[in-house]
Amino acid sequence: MCIRDRRKVTLKGKVTGIKTWTAETPHLYELVVSLKVGGRVAHVTTERFGFRTFEVRPGEGLFLNGQKIRLKGVNRHCFWPDSGRCLSRQVSYDDVRLMKQMNMNAVRMSHYPPDKHFLEACDELGLYVLDELAGWQKPSYDTEIGKKLVRELVTRDVSHPCILFWDNANEGGWNRELDDQFALYDPQKRTVLHPWENFNGIDTDHYEGYESVRKKLSGSTLFMPTEFLHGLYDGGHGAGLNDYWNLIQNSPLGAGGFLWALVDEGVVRTDRGGAIDTDGNHAPDGILGPYRQKEGSFYTIKEIWSPVQIELDELPEEFTGTLAVENRYDFTNLRQCVFEVKLAQFPAPGAGIDGHAVFFKRAFLGPDVDPQGEGTLDLGLPASWRDADVLYVTAYDPTDREIWTWSWDIRPLEHYREQFVRKAALDGGRVKATAQAGKVSLEVGDLSFAFDPNNAALADIRVKGKPISFGGGPTMIGGKAKPVKVRGVQNGDNIVIEVAYDGDLKSARWTVCPSGWVRLEYEYELEGQFDVFGVNFDYPEPRMKSMRWLGRGPGRVWKNRMKGGRFDVWTNAYKDHTPGLTWDFPEFRGYYRDWRWVVFETDEGSITVVNDTDDLFLGVYRPKDGPDPRNTRLDAPQTGIAFLHGIPPIGTKFQKPERLGPQGHKNEASGTYRGSVWFHFNN
């Protein structure tokens, strides 16, 4: 059918057997339109599009093809360090792929329309889009100019199925007289948003705290912040997301949200020797570095926004090889996904290699679980599965893209102590003790230790007469301690140094074995709120070369960013990382979880530590703050090598961590805390 008026011709028709477009199933079609004049083809145009419906149901949610959806998105500027805002098609497609890798399903075009090829990538690969008319803080156009810009925007982009909303500028930058202009050129009459405002049935307010989000979700209006968790440096994004997203996910009014922002926007300064300039703290807000380097929050987001959820932190004693699984897809049944199970063993601390050795692997189709449903995953483990060190389960989507890999430590904590810590001497040697020059010295083979009786601290370590500058501890972090009694005793072949304290630290007990392994057991009592607490040792940072460890990595964690790691053996070379100035990830300084052992390689030799304590974090120096860090400033003391029962959270550019949710609160210390670690030194 052809309907004409003076300005346009409307073509209408009917097709059957179509496949609908969604971000999970981005089915596309091409329409070829020919213009004939007197029987001769004068012009031909081809338009790619998809079949889908979209509606905003006030008080209910967002509905695509009749199915309720939530938007898991990020804000994106067009930016590349070598070319500024001039981007290639390759960059557009790579950016969409990176968002899909984080299990995002949406992107907001902040604060202007993108390149055409970016929208083509969203159509093809599957991302929901908020397309935005430029403008910020105050009305940027008068009505006459604005009408022309709306027409250009909509007529250029109208056929893209990825676009769900039009944004009329940003944060007060809208001209309200333009709101009705979008529908003049859009047959779908997409909803127009005012990002930052409660408008057209959706509250898009920016940078609300946890409690204010809770209040909004108890009302009657859909809530979908078009900016939240402003990710300056390493703050925000993954930090705070778990608490925040639980509110959104569990509320019928939670329509989704958009993190700020995708990349650190820095430009290469040829006048500064190629340095990347992010204008201080104005632009390093990304989950990715300027060249799309993956920060720690990349993996946290990937896990939290995974459409397949397995909520099991530890394998229970009675584990039988089945897992409860939740399907958070909107259109995909889990039988369309593939799951892969691996059983593996880890190398020893002295092996010098990373990763794991797989001895069992099985891949299978997922269970029949409908979107937003729950089911059971039968792993089909062999009878010998407990011989493994680790269990991995990986989910792959229908395009074979990894959704997420879950990992569980199979061994009890004491396994690593029993496997790697030798207590008896190979040569029948014994530990010798001497007291001279104000120090207590212990010798075993090529190894010697000295303790300072005045402060009961480990004062000097030598291997074959050469020093290893580890010592000065244990000292309390978050508490006080004053040694009042030091005594040495013989315990079989071992010599034990026992220290009693006044203050929060109650006792420290050093056991030196004839094998050269040394055990530290300590106990302290603490009450109150602390950003970080535990015990610390000194080691000069300039002498540090790398660390290799078994634990959840490869990156550091914060109290409010625990997710995103995999249990494995990792190596991290030392680097002097300054947020906003360097982008060599993962960072070295920071806090590490679920560690079983660590080998520090230094200029002086190696320091091996085996953990003998549940729920003990490893602290490796104090992370640096970036320029003008605002609420990402770390409120923690300088440390060396620390063993911690409490680690700090991190804030965002605009909010302190305690406003981001329960995980961002300070640690509540209460009662008695104990720790036990084993050391071995070798040069």
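Residues numbered from 1 in each chain as written. Predicted model: local features only at pLDDT ≥ 70, side-chain atom pairs only at ≥ 80, totals over all residues. Heavy atoms only, no water.

S.K.: Kindly report on the packing of aromatic side chains, identifying the contributing residues and their values.
M.R.: Considering all chains together, one arrives at 34 aromatic pairs under this definition. Between the aromatic rings of Trp 166 and Phe 182, the centroid separation amounts to 6.2 Å while the plane-to-plane angle is 25°, which identifies the pairing as stacked. Taken together, the residues Trp 166 in strand β11 (residues 163-170) and Phe 182 in the loop between β11 and β12 (191-193) connect sequence positions 16 residues apart. An angle of 50° between the planes, with centres 5.4 Å apart, marks the rings of Phe 470 and Phe 679 as tilted. Within this pair, whereas Phe 470 is found in the loop between β30 (466-468) and β31 (471-477), its partner Phe 679 is found in strand β43 (residues 667-682), the two being separated by 209 residues in sequence. Taken individually, Phe 470 and Phe 679 each receive the classification buried, so the pair is uniform in this respect. (Phe/Tyr/Trp six-rings, centres within 6.5 Å; stacked < 30°, edge-to-face > 60°. Helix = DSSP H or I, 4+ residues; strand = E, 2+ residues; numbered from the N terminus. Buried < 20%, exposed > 50% of the residue type's maximum accessible area, 1.4 Å probe, protein only.)

S.K.: Help me get a handle on the sheet that holds β12, residues and values and all.
M.R.: What the 6 strands build is an open sheet, ordered β12-β11-β10-β9-β8-β16; its pairing is parallel. Since the sheet does not close on itself, it has two edges, and those belong to β12 and β16 (256-259), each with one partner. Taken over all neighbouring pairs, the strand axes of this sheet differ in orientation by 25° on average, direction set aside. Here strand β10 (residues 128-136) runs beside β11; their pairing, made up of 6 bridges, is parallel. Bridge pairing in β11 links Val 129 to Ile 163. Along the sheet, helix α3 (residues 143-157) contacts β10 and β11; its crossing angle with β10, the most-contacted strand, is approximately 160°. (Pairing = 2+ DSSP bridges. Axes fitted to C-alpha atoms, helices over the stretch in contact; angles between N-to-C directions. Contact = heavy atoms within 4.5 Å.)

S.K.: Give me the pattern of salt bridges: which residues, what numbers.
M.R.: A side chain with one charge may pair with a side chain of the opposite charge, provided their charged atoms come close. Enumeration over the complete set of coordinates arrives at 49 salt bridges. Between Asp 167 and Arg 108 there is a salt bridge, with the nearest N and O atoms lying 3.5 Å from each other. Here the residue Asp 167 occupies a position in strand β11, and Arg 108 occupies one in strand β9 (residues 106-109), the gap between them amounting to 59 residues. Owing to a relative accessible area of 0%, Arg 108 belongs among the buried residues under this scheme. Arg 589 serves as the salt-bridge partner of Asp 576, at 2.5 Å between the closest nitrogen and oxygen. In this pair, Asp 576 sits in the loop between β38 (566-573) and β39 (590-602) while Arg 589 sits in the loop between β38 and β39, placing the two residues 13 residues apart along the sequence. Since its relative accessible area comes to 6%, Arg 589 is described here as buried. (Salt bridge = Lys/Arg side-chain N within 4 Å of Asp/Glu carboxyl O.)

S.K.: Outline unusual backbone geometry, supporting the account with residue identities and numerical values.
M.R.: Here the residue pair Ser 110 and His 111 is connected by a cis peptide bond, since its omega of -5° sits within 30 degrees of zero. Tracing the backbone shows His 111 in the loop between β9 and α2 (116-125). For the bond running from Phe 585 to Pro 586, omega is 0°, close enough to zero to count as cis. Tracing the backbone through its elements, the reader meets Pro 586 in the loop between β38 and β39. A positive phi angle is found at Glu 171, which is not glycine, with a value near 45°. Mapped onto the elements of the fold, Glu 171 is located in the loop between β11 and β12. Residue classification places Glu 171 among the buried residues on the basis of a relative accessible area of 8%. Phi is positive for His 237, close to 60°, though the residue is something other than glycine. By the secondary structure assignment, His 237 is in the loop between β15 (222-223) and α5 (241-249).

S.K.: I'd love a proper account of the pairing of strand β3 (residues 29-37), names of residues and values included.
M.R.: Pairing of β3 with strand β4 (residues 40-49) involves 9 bridges; the strand directions are antiparallel. Within β4, the position partnered with Glu 30 by the bridge is Arg 48. Between the antiparallel neighbours β3 and β4 lie 2 residues, among them Gly 38 with a positive phi of about 60°.

S.K.: Explain the sheet that holds strand β28 (residues 447-452) to me, using residue names and the numbers behind them.
M.R.: The strand order β26-β27-β28-β29-β30 describes an open sheet built from 5 strands, whose pairing is antiparallel. In the strand order of this sheet, the two ends are held by β26 (432-436) and β30, each with one partner. Between one strand axis and the next, the sheet turns through 25° on average, direction left out of account. Bridge analysis of strand β27 (residues 439-444) against β28 gives 5 bridges, and the strand direction is antiparallel. Bridge pairing links Val 444 to Leu 447 in β28.

S.K.: Which residues make up the pairing of strand β37 (residues 544-557), and what are the values?
M.R.: Within β37, 12 of the 14 residues are buried, leaving the element largely enclosed by the surrounding structure. As paired strands, β37 and β39 are joined by 8 bridges and run antiparallel to one another. The residue bridging Val 557 from the neighbouring strand is Tyr 591, located in β39. Relative to β38, β37 is paired through 8 bridges, and the arrangement is antiparallel. Paired with Arg 552 across the two strands is Phe 567, which belongs to β38.

S.K.: Outline the packing of helix α1 (residues 89-101) against α2, supporting the account with residue identities and numerical values.
M.R.: Two elements in contact, α1 and α2, have axes separated by 8 Å at closest approach and are oriented at 40°. With respect to each other, α1 and α2 are oriented oblique. In this structure, α1 crosses over α2, and the sense of that crossing is right-handed. Listed contacts from α2 to Arg 89, Ser 92, Tyr 93, Asp 95, Val 96, Arg 97, Met 99 and Lys 100 of α1 are His 117, Phe 118, Glu 120, Ala 121, Cys 122, Glu 124 and Leu 125. (Parallel < 35°, antiparallel > 145°, perpendicular 65-115°, else oblique. Left-handed = near helix turned anticlockwise from the far one by under 90°.)

S.K.: So what about the side chain of Asn 494? Which residues, and what values?
M.R.: Mapped onto the elements of the fold, Asn 494 is located in strand β33 (residues 494-503). Dropping the residues within four chain positions of it, Asn 494 is found in contact with Lys 423, Val 489, Thr 511, Val 512, Cys 513 and Pro 514.

S.K.: Before we move on, can you summarise α5 with the specific residues and values?
M.R.: For α5, the buried fraction is high: 8 of the 9 residues fall into the buried class. Regarding α5, the residues found buried are Leu 241, Asn 242, Asp 243, Tyr 244, Trp 245, Leu 247, Ile 248 and Gln 249. Against β8 (71-76), α4 (210-216), β15, β16 and α6 (296-304) lie the buried residues of α5.

S.K.: Help me get a handle on the nonpolar core, residues and values and all.
M.R.: Counting 67 residues, the largest nonpolar core has Leu 62, Leu 71, Phe 165, Met 224 and Leu 259 as the members making the most contacts within it. Ranked by the residues each element gives to this core, the list is headed by α5, at 5 residues. In this view, Phe 165 contacts Phe 54, Val 56, Leu 62, Leu 71, Val 129, Leu 130, Asp 131, Thr 191, Leu 193, Ile 202 and Met 224; residues no more than four positions away in its chain are not counted. Val 499, Ala 508, Ile 607 and Val 609 belong to the second largest nonpolar core, which has 53 residues in total. (Core = buried A, V, L, I, M, F, W, Y, C linked by side-chain atoms within 4.5 Å.)

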